[in-house]
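Chain by chain, the residues:
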Amino acid sequence: MATVSKVMNLAALDAGIVGNGQTLSGEDTETVFDTFLQMLALWRTDDLQVYCHKNVTVPMTGALTYSIGTGGTVDTDRPPTIEQAIFLDTPNTTSYPLSIIQSLEDWQRIAVKALPGNIPTAVRYEPTYPLGTLYVWPQPAAGQIQITVKQPFPIYASVGDDLILPPEYEAPIRFNLAKWLAAAFSTPLRPDIAQLAAGTLRQLKRVNTRVRELEMPERLPMGGGIYGFNVYTDQP
């Protein structure tokens, strides 16, 4: 398995920061490692660069909000976004798809936010820091919500850590880190390295592209009148 140090050294060589047989100085190692972490932190937000998704379970207690992140109500990596949400009505384990309210403005339009109920209709996720906040409407006292989130890139503590990623990520990380390092160290980027950075990242995105099947809902849960219940006015 490749290590963070190995990928860093290869990227530094590609960027012209060191030559063959040379090693990074202590100060340069710190700069390269910080740049590596910043690049992966940005990649964590891009669905096309994340190799898989995972389900996170949020047990319902009747609360309006639940904190998600290390040390939160749901102790896991803080997700930047949520992709999907369903409610499981235990013990029947019937699944109910939930609407995801994307904007805070739309959430604020809900007239009665604190509303007990057996089955929620919608959720709103706010990527607050250091803990994300999941809003639930209405608020069941039992059951659980499963949210689908992007599997985040690992957070590395030192250059000696193993690169805990699928092997196909090594080349895109190497050549794109070289591109970032060329900017950080003000060195000219070789055209072949720039081409490899763009090509390997494009291939990675192509592999990770997932086209969802087009569906039409049976009803529009965020509408009113004949289309269903209106969460904003608390009226049909």
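All values reported here derive from a predicted model rather than from experimental measurement.

Draft legend 1. Quick look at helix H5 (residues 191-208). Between its first and last C-alpha, H5 extends 26 Å over 18 residues, near the 26 Å set by a 1.5 Å rise per residue. Of the positions making up H5, those classed as buried are Ile193, Ala197, Thr200, Leu201, Leu204 and Asn208. With its buried residues spanning 95 degrees around the axis, H5 presents them on a single face. For H5, the exposed residues set more than 90 degrees away from the buried face come down to Pro191, Gln195 and Arg202. Packing partners of the buried residues in H5 comprise helix H1 (4-14), helix H2 (26-43) and helix H4 (170-184).

Draft legend 2. Spotlight on the sheet that holds strand S7 (residues 132-137). In space, the 4 strands of this open sheet follow the order S2-S7-S6-S5, with mixed pairing throughout. Edge strands, defined here as strands with exactly one partner in the open sheet, are strand S2 (65-68) and strand S5 (99-100). For S2 and S7, the ladder comprises 4 bridges, and the chain directions are antiparallel. Bridge assignment links Tyr66 to a residue of S7, and that residue is Leu134.

Draft legend 3. Structural detail: H2. The end-to-end C-alpha distance of H2 is 26 Å, a good match for the 26 Å that 18 residues give at a rise of 1.5 Å each. For H2, the set of buried residues is Val32, Phe33, Thr35, Phe36, Met39, Leu40 and Trp43. Considered in projection along H2, the buried side chains sweep an arc of 160 degrees and stay on one side of the axis. H2 presents Gly26, Glu27, Glu30 and Gln38 as exposed residues on the side facing more than 90 degrees away from its buried surface. Summarising the contacts, the buried residues of H2 are in contact with H1, H4 and H5.

Draft legend 4. Looking closely at the side chain of Thr148. For Thr148, the position within the fold is in strand S8 (residues 144-150). Within the structure, Thr148 has its side chain in polar contact with the side chain of Asn55 (distance 2.9 Å). When sequence neighbours within four positions are dropped, the list of residues in contact with Thr148 reads His53, Lys54, Asn55, Ile82, Glu83 and Gln84.

Draft legend 5. Spotlight on the pattern of salt bridges. Under the counting rule described, the total for this entry stands at 4 salt bridges. Taking the shortest distance from any N to any O, the salt bridge between Arg109 and Asp106 comes out at 3.3 Å. Between Arg124 and Glu126 there is a salt bridge, with its nearest N and O atoms 2.2 Å apart. The exposure class of Glu126 is partly exposed, given its relative accessible area of 22%.

Draft legend 6. Structural view of unusual backbone geometry. A cis geometry characterises the amide bond from Tyr129 onward to Pro130, with omega recorded as 5 degrees. In this fold, Pro130 is placed in the loop between strand S6 (122-126) and S7. Note that the residue after Trp137, namely Pro138, is joined by a cis bond; omega there is -20 degrees. Topologically, Pro138 is positioned in the loop between S7 and S8.

Draft legend 7. Quick look at the packing of aromatic side chains. Summed over all chains, the structure comprises 4 aromatic pairs. Ring plane angle 45 degrees and centroid distance 5.6 Å describe the contact between Phe36 and Tyr156, whose orientation is recorded as tilted. Remark: Tyr156 occurs in the loop between S8 and H4 and Phe36 occurs in helix H2; sequence separation between them is 120 residues. Both residues of the pair, Phe36 and Tyr156, count as buried. Plain terms: the ring middles of Trp107 and Tyr135 are 5.1 Å apart, the flat faces sit at 50 degrees to each other, and that makes the pair tilted. Here the residue Trp107 occupies a position in helix H3 (residues 104-108), and Tyr135 occupies one in strand S7, the gap between them amounting to 28 residues. Residue Trp107 is classed as buried on the basis of its relative accessible area of 3%. Among the aromatic side chains, those forming a connected cluster through ring pairs are Phe33, Phe36 and Tyr156.

What counts, and at which threshold
- Note on numbering: residues in each chain are counted from 1, in written sequence order.
- For this predicted model, a pLDDT threshold of at least 70 governs which residues receive local features, and a threshold of 80 or more governs which side-chain atom pairs are given and counted, while totals over whole chains, interfaces and linings are taken from all residues.
- Side-chain figures throughout are based on the complete set of non-hydrogen atoms in the structure, without hydrogens or water.
- Secondary structure elements are defined from DSSP: runs of H or I of at least 4 residues count as helices, runs of E of at least 2 residues count as strands, and each element is numbered from the N terminus.
- Expected helix span is taken as 1.5 Å per residue step, with the number of steps being one fewer than the number of residues.
- Exposure categories follow from relative accessible area, calculated using a 1.4 Å probe and restricted to protein chains: below 20% of the type maximum is buried, above 50% is exposed, and the middle band is partly exposed.
- Directions are taken from the helix axis to each C-beta atom, and the arc is the one they span.
- In what follows, a contact means two residues having at least one pair of non-hydrogen atoms within 4.5 Å.
- Strand pairing requires that DSSP identify at least two bridges connecting the strands.
- Polar contacts, as used here, are pairs of N or O atoms within 3.5 Å; protein pairs need one atom able to donate a hydrogen and one able to accept it. Residues neighboring in sequence count only if both atoms are side-chain atoms.
- One side-chain nitrogen of Lys or Arg within 4 Å of one carboxyl oxygen of Asp or Glu is enough to make a salt bridge.
- Aromatic pairing here means that ring centres of Phe, Tyr or Trp (its six-membered ring) are within 6.5 Å. Orientation follows from the plane angle: under 30 degrees is stacked, over 60 is edge-to-face, and everything else is tilted.

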